Every structure is written in C-alpha cells, then in structure tokens.
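Tertiary structure, described
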Amino acid sequence: MRVIVVGAGLSGMTAAWELMKAGHEPIVLEAQDRVGGRTWSHRLENGETMERGGEYIFPDEHPIRRLAAELELPIMSHGVRYARRTVNGRIITAPDRTSTLARVRNTLKEMLVDGVAGVSLESAFAESLGGDYRLHPVYRQVTTSAAADPAMVSAEAVLLYEGAGETHIEDGGRLVGGNQSLAVEIARRLGRRLRLGSPVTEVDQSPTGVEVRLADGASLDADAAVISIPLPLLGEISLGFDLPERQQRALAHRFMGVAAKLAVPLEYVDCDTALQNSEHTWWSWRSLSTDGTTRIRALSSFAGGPDALQALRVEDGPHRWVSALQAMRPELRFAGEPVLTTWVDNRWARGSYTVPGLDWQPEDADAFEAPAGRVAIAGEHTGMHQSLSGAVASGYRAAAALSRRE
C-alpha cells in the first residue's frame, strides 16, 4: 500500500516508520526544510543543546520511550522538579501535591454532578482552594502547562482525562542528542521517501485511492494518506471530502494554545533547578548534564498563555524576559546571546499545542481511532496528551488504522 504522509513532525514520522516496517510504501511531504515540527533542538553558542519546542519525556509516557528504545536513542533525566517548582520560596511536597490535585478533582466531580456545564480550570481551582488559589504551586504549574487562559480550558479534560491515573514520579527525561533526534533518525532511515520543502494544499479521496496536491501544482496519487499537521494548518488544507461528525466535533472543541521558550547560555546560575514565577505563568530550569552530576551551562524558560507572553512582551524580543529572569534569579551571569522561540508566529505551527475548550466532551477522546475513509488524521490535537509522546502515540494509531483497512 502506497501512503502519503503529510507532515514530518513526530506524529507523521512515527506513522511513516510504522507503515514502512509493515511493508507499505510511505512518502512523507514536509513543508519546512527540516523534520521534527514543534520538536526542534538548537545548539547554543556555548555548545549546549536546548529545546525550542517539546522538552519533557515522563516515566509513564510509553509510546515515545518505546520508539526511542527501538531506534537506540538514549533518554536521560532532566533532574528537574517539573511538578514541584519553587513558588514564593515554597517547594510543595509530593504528598501535598497529590492531595491538592485530589481535592480539586473531587470538587470538580461535585460541580459536574450538580449540573455545572463547561467548568474551567480557573473555576475548579477557585472553588476548591479558595481566595488565594492563584498563589498555590499546583495551580501555577497546571495553568502554566495549559498554555492558555485557564478560564477557557476544560477542567474535566485536563484533570479527569489527561491526568487520570497519574502516578507522581519526579523524573522527566530528554533524548541525549536532543529531542529532534528522534525525527532525524527516522528521516535517515526513510531516505528518499522524505521530501522537504513540499507544502500540501489539497487532499481528496475516492473509493479507490487518494490524491494530494502540492503548492507548486504537482499532484501525487496513493492508496491512502495520513494528515499530520498542526490544527490551524489542518483548517487551511482543502479537503475534498467530509471528516466524520465525531472528528469534526472533536477538532472544533480544541483551540491552539500560545507559549514561548527562552534559552540562555550561562557562566553562573543559582542552585534552584526549578523556579516558577509567582506573578505569571512562566518558569525556568537548568537540566542535568550527560555526566549525571553537573548541570548544563544554560537555563531554559517556558511561558504559557497569553497573559504571560504579554507581560514578557515576547513580540519585541527576549529583552524583557531576560530582565525578568535576572530579577527572579539575581545570581545569573550570562555567557552569550539568548534564543527566543515564539510558536504563534511560526508559519507552520501557528501556536504551541492544542487545548481542550469548555465545550470539550469525553467522547472526543477516541474520535480518531478509525480513519476517515482512506485518510487518517494524526497529531497531538487528535488525542488527550499534548506532548511529544502524545504525538508519537497518534502516529502509531494512524498507521494501525490504515493497516486495518487493507
């Protein structure tokens, strides 16, 4: 079976790899001049490799760990308190974090039983924790990661589905060669099956096959296709067929979050490895080096949601953020130029990752298990985990769905 895969991010590359292993003939079309999509590793001028996109791989994220092991790409610990960041001098304990989340979830469940519709993250935390809820470290961590206005995010999706069954193990990891190395290695193995600089404008299908048209006017025919591009771009491609209603609703119930990342080469840093800003939804960390003992000579920062990006004025460059970092961590001594990445203005992303809106429904969670005829839709927006592993899992799912059609 000849399959055209639109998009060479982690989801598309995973789908192509699985299809090739199953004996099919994938052709990957990527608009940009690199693979990885929103997984983008960058080497700073002092030699440290930093992530401009997806960063953390957690212990229970089995899809990406399975793929990395198969490709013989090692994962090591960040050595960072991802979920227990310092906020106003306080580091929450693991039991306190667990009990706080249980309390908020119980409050949310009561609200849902009482018939409250469209409960937001903001209202669930406010109802559960009271007047000072915004100062709580758990609220800060959860809403920073949401990368959107918490008043617009479905608490049910985030707390009862995305985080369902969470076992807290503080050991987020990263690929030793940079997270983009996963897509790069698959690209090496695909060889000429990958075509960069090939943006797609139209996808159509018939009972016997699919047709994909490129921006340069060329067209390709195949037996099936995987469309694996960010949600905003999916809305721009001309589809000559209708997606199933379930899939249309699931896509309509999500929106694109906004986030930015800052990487700063360092000469000296303080001893706190995970420091959350107490006023806005951004934080900074310093990862463990490959020697397993020292820290890398660079600091990473992530800002999630429109308020944080506005406060940091990222549209004007990294300068205000750098000043805010120096105010929060006065012992910092920089050793080179900072690298700022804002995804909302990236032509091929239009945002960081998707967020479940207030009209999200539980049935959205598995809406993409089956293909739309000969076309499978993949990407983090098609599942419940907006992460590196969520993208990989969607690629596995898309490849399996098309293979079942044969």
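The shown structure was predicted, so the numbers you read here are calculated from the model rather than taken from an experiment. (Residues numbered from 1 in each chain as written. Predicted model: local features only at pLDDT ≥ 70, side-chain atom pairs only at ≥ 80, totals over all residues. Heavy atoms only, no water.)

1. Some details on the overall build of the protein chain
Selection criterion: The way it works is that DSSP assigns letters per residue, a run of H or I at least four long becomes a helix, a run of E at least two long becomes a strand, and they are numbered from the N terminus. Each radius of gyration reported is based on C-alpha atoms, and the globular scaling rule is 2.2 Å times the count of residues to the power 0.38. Only protein chains enter the area calculation, which uses a 1.4 Å probe; residues under 20% of their type maximum are buried, those over 50% are exposed, and those in between are partly exposed. Whether two residues are in contact is decided by their heavy atoms: any pair within 4.5 Å suffices.
Along the backbone of the protein chain there are 12 helices and 23 strands. The globule rule puts the C-alpha radius of gyration for 406 residues at 22 Å, and the 21 Å found for the protein chain is close to it. Counting over 406 residues, the protein chain shows a buried share of 58%. Within the protein chain, residue pairs in contact and separated by at least 24 positions form 75% of the contacts whose partners lie at least 6 positions apart.

2. Examining the nonpolar core
For clarity, the cut-off: Residue types Ala, Val, Leu, Ile, Met, Phe, Trp, Tyr and Cys, when buried and joined through side-chain atoms within 4.5 Å, form a set referred to as a nonpolar core.
Within the largest apolar cluster, 36 residues are counted, with the highest numbers of intra-cluster contacts made by Leu10, Met13, Val28, Leu67, Leu182 and Val226. At the level of elements, strand 1 (2-6), helix 1 (10-21), helix 2 (62-70), helix 7 (181-190), strand 13 (224-227) and helix 12 (388-405) are the ones that each hand at least two residues to this core. Discounting residues that sit within four places of it in the chain, Val226 has contacts with Val3, Ile4, Val5, Val6, Ala15, Leu19, Ala376, Ala378, Ala398 and Leu402. Formed by 27 residues, the second largest nonpolar core is a distinct cluster that contains Ala222, Leu234, Ala250 and Val375.

3. Quick word on the domain arrangement of the protein chain
To keep it simple, the criterion reads: Where a domain begins and ends is set by an automatic assignment or by a domain database. A simple way to read buried area is as the amount of 1.4 Å-probe accessible surface that goes missing from two parts once joined, with both sides added. When a carboxyl oxygen of Asp or Glu lies within 4 Å of a side-chain nitrogen of Lys or Arg, that pair is called a salt bridge. In the analysis that follows, any N or O atom pair within 3.5 Å is treated as a polar contact, provided that within protein one partner can donate a hydrogen and the other can accept it, and provided that, for residues neighboring in sequence, both atoms belong to side chains.
Along its sequence, the protein chain is carved into domain 1 (2-44 + 62-76 + 177-254 + 361-404), domain 2 (86-164) and domain 3 (259-342). The C-alpha-based centres of domain 1 and domain 3 are spaced at 31 Å. Taken together, the contacts link four residues of domain 1 with nine residues of domain 3. With both sides pooled, the region where domain 1 packs onto domain 3 buries about 400 Å², and carbon together with sulfur makes up 92% of that total. Seen at the junction of domain 1 and domain 3, the total is zero salt bridges. Remark: the boundary between domain 1 and domain 3 carries zero residue pairs in polar contact (both at pLDDT 80 or more).

4. What to know about helix 7
Within helix 7, seven of the 10 residues are buried, which leaves the element mostly enclosed by the surrounding structure. All of the buried residues in helix 7 are Ser181, Leu182, Ala183, Glu185, Ile186, Ala187 and Leu190. Contacts from the buried residues of helix 7 go to helix 1, strand 2 (25-29), helix 2, strand 8 (173-175), strand 9 (194-195) and helix 12. Within two residues after helix 7, Gly191 carries a phi angle of roughly 65°, on the positive side.

5. So, helix 1
Test applied: Expected span, for any helix, means 1.5 Å times one less than how many residues it has.
For helix 1, with 12 residues, the first-to-last C-alpha span of 16 Å sits near the 16 Å given by 1.5 Å per residue. Restricting attention to buried positions, one finds in helix 1 the residues Leu10, Ser11, Gly12, Met13, Thr14, Ala15, Ala16, Trp17, Glu18, Leu19 and Met20. For helix 1, the elements touching its buried residues are strand 1, strand 2, helix 2, helix 7, strand 13 and helix 12.

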